[in-house]
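Structure assessment
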Amino acid sequence: MYCFFPLIPHVFLISFCLASPHHFLDLTKCCPGEPASDALCWFLLSRPNKTIHRASRSRSSSTVGEMTINGLLKGLQMDRWMSQLPDELMDVPLYNLAIPGSHNSITYCLDTSHASPVDLTQPVIVKQLDKYAKPVFRPFLYKWSVTQESTVLQQLDAGVRYFDLRIAHKFSDNSCNLYFYHGVHTTVTVEMVLNEISTWLEEHKREVVILSFSHFLCFNQQLHKHLIQLVQTVFHKRLCPRNGEVTLRNMSERGHQLIVAYEHRDMIDLCDYLWDHIPYWWGNKCEAEALIQELERRKQCGRPGRFFVAGINLTVDAKHLLLNPRQSLKDMVMQTYPVLLKWLVKQLPGSGHSSINIIAGDFVTDTQLAPTVITLNEALLNRMSSQ
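The sections below set out a description of the structure shown in this document. Since this is a predicted model, take the numbers as computed values, not measurements.

Remark: helix 7 (residues 190-203) packs on helix 8 (residues 221-235), axes separated minimally by 10 Å, with the N-to-C direction vectors making an angle of 25°. As far as their axial angle goes, helix 8 and helix 7 are roughly parallel. Of the two elements, helix 7 crosses helix 8, and the hand of that crossing is right-handed. On the side of helix 7, the interface is formed by V190, E191, L194, N195, I197, S198 and L201, while helix 8 contributes L227, L230, V231, V234 and F235. Looking at the contact of helix 7 with helix 8 residue by residue, the class counts come to 9 nonpolar, 2 polar and 1 charged.

Encoded structure:
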């Protein structure tokens, strides 16, 4: 999911060289203290009104009523849509329902302080640019790193039920504190976010949330065990055992509200509430049309047997960065959402060969992604009524 980051320094260096060749040569010698040229500052810092858009902390429950689609699921409250589904859908396995999700879910709180280092997955050249040209390089990095502006609570209230969690331990940190990351680490810890989700579930007892832990950075066995113990402590009886019957009715009767997928096979075998890693269809495309073609290709190969994610998130390439220096990831995403949603309304959930399950995207609360995905479940109702 981070393939665009290695491209950033190349775009940065090309622009730097064109704008001020002598400063570029100084930077390649790793000489700190050289001022950046005015042209470079314009390239990196010029952008629309906001680079990192901050979401309001106030929360409100929306409904599917804003959708142009008219049907049985039109009036559902987004914060309680699962509990308000028609009775016929309560016995459908969750991996056959259409479920909204967010890609790289916890990037609304990336650490903007210059004291925070870039994450260790970045190439050496990124680390050098960040070290010696931080004032002009960091804003450029941030505006392509933020994939969600809304907090986890706001996403939950907006209908999101799948969360893509990338977990990191800070290098040289002697504590067991864990963070999320995408280019840089977050300011909030994993424990803080898990506690927020737990509190929300307490207030929404018939809703189910899927957490997918993956892309572990600077991890060892001790930290894996610490994270698993943290999950168990926070959620306890709400955790659904691996391979249990995952219908809304069954989980509600047993008090289960959480499915935890974990991208580490050895740990899964040690704990009966950890589910296998959930496959994520990542298109790795910069344009909506190309992404749709890739997702259609995946569909032709057939859906996985249980949970899986079709990601409608775009990945920027070097050409796009060069041609759109004033743009941010959000600008690119919002321009392409109409095309993606037009494709999305044609998708069908269920157990069929080309059916969909979880649909994840960026900036989910700024779009009609969640209502659109939820409304797809009307197709299941229609099928049941025709049988």
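Next comes the rest of the description.
As for its position among the elements, A261 is in strand 6 (residues 258-262). Since its relative accessible area comes to 0%, A261 is described here as buried. The sequence separation of A261 and F213 amounts to 48 residues, and the corresponding C-alpha distance is 6.1 Å. If near-sequence neighbours (up to four positions away) are discounted, A261 is found in contact with L211, S212, F213, W275, D276, H277 and I278.

Residue placement: L348 occurs in the loop between helix 13 (329-344) and strand 10 (358-361). Along the primary structure L348 and L97 are separated by 251 residues, whereas in three dimensions their C-alpha atoms are 9.1 Å apart.

Attention now goes to unusual backbone geometry. The residue N104 is not glycine, and still its phi comes out positive at about 45°. In this fold, N104 is placed in the loop between strand 1 (99-102) and helix 4 (124-132). For N104, a relative accessible area of 2% corresponds to the buried category. In the Ramachandran plot, H236 falls in the positive-phi region, its phi being about 45° despite a non-glycine side chain. Tracing the sequence through the fold places H236 in the loop between helix 8 and helix 9 (248-254).

Cut-offs applied
Residues numbered from 1 in each chain as written. Predicted model: local features only at pLDDT ≥ 70, side-chain atom pairs only at ≥ 80, totals over all residues. Heavy atoms only, no water. Axes fitted to C-alpha atoms, helices over the stretch in contact; angles between N-to-C directions. Helix = DSSP H or I, 4+ residues; strand = E, 2+ residues; numbered from the N terminus. Parallel < 35°, antiparallel > 145°, perpendicular 65-115°, else oblique. Left-handed = near helix turned anticlockwise from the far one by under 90°. Contact = heavy atoms within 4.5 Å. Nonpolar A, V, L, I, M, F, W, Y, C, P; charged D, E, K, R; others polar. Buried < 20%, exposed > 50% of the residue type's maximum accessible area, 1.4 Å probe, protein only.

By themselves, these are just geometric observations and shouldn't be taken as functional.
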